[in-house]
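Fold and geometry: a report
Here's the letter readout for the chains.
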Amino acid sequence: MKPIVTLTKYLAGLLMISLLVSVGCATPSKHQSTTVGLHCNISWDKTNDPKVTGYQITVIDQSKQAKKTARFIPANTAKISCKDAGADHEGLWDVTVQSCYDKSTCGLPTEAARMHITNK
């Protein structure tokens, strides 16, 4: 079992979200990445703020800086597969999470957590 390290950042005042990548985890350093398999998951701590209706998960393919995929996830969910989030192939990826009051009003994103997806 691999240790889990969390990446946290305060959002919209006291709102705190922890971003975790299952089967490994994401770290805040741009120089370090966590290696995960193709069937990884991205999970985060849900907020206690009843006004939050969902989370926006953004994955950025580091091999193609222009390829950025954002998904809106309902507030009752705190986990999504890397593939469903848009990180669907091997390579280096950055992941951020934002809490949202609706699909157009979101807090600041977490610092980007870097993961390296491999099939090994």
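Rules of the game
Residues numbered from 1 in each chain as written. Predicted model: local features only at pLDDT ≥ 70, side-chain atom pairs only at ≥ 80, totals over all residues. Heavy atoms only, no water. Helix = DSSP H or I, 4+ residues; strand = E, 2+ residues; numbered from the N terminus. Polar contact = N/O pair within 3.5 Å; in protein donor to acceptor, adjacent residues only side chain to side chain. Contact = heavy atoms within 4.5 Å. Disulfide = S-S within 2.5 Å. Buried < 20%, exposed > 50% of the residue type's maximum accessible area, 1.4 Å probe, protein only.

Thoughts on the side chain of threonine 118
- By secondary structure assignment, the location of threonine 118 is in the segment after strand E10 (113-117).
- One polar contact links threonine 118 to glutamate 90, side chain to side chain, over a distance of 3.4 Å.
- If near-sequence neighbours (up to four positions away) are discounted, threonine 118 is found in contact with Thr35, Val36, Gly37, Leu38 and Glu90.

Observations concerning the state of the cysteines
- For the coordinates displayed, the defined rule picks out two disulfides.
- A sulfur-sulfur separation of 2.0 Å characterises the disulfide bridge that pairs cysteine 100 with cysteine 106. Judged by the sign of its S-S torsion, about 95 degrees, the bond between cysteine 100 and cysteine 106 is right-handed.
- A residue is classified by how much of its surface remains accessible, and cysteine 106, at 27% relative accessible area, is partly exposed.
- When the cysteines engaged in disulfides are numbered in sequence order, the chain pairs them as 1-2, 3-4.

Brief notes about the environment of lysine 64
- Note on placement: lysine 64 falls in the loop between strand E5 (54-61) and strand E6 (68-74).
- It is 9.8 Å that separates the C-alpha atoms of lysine 64 and tryptophan 93, two residues lying 29 residues apart in sequence.

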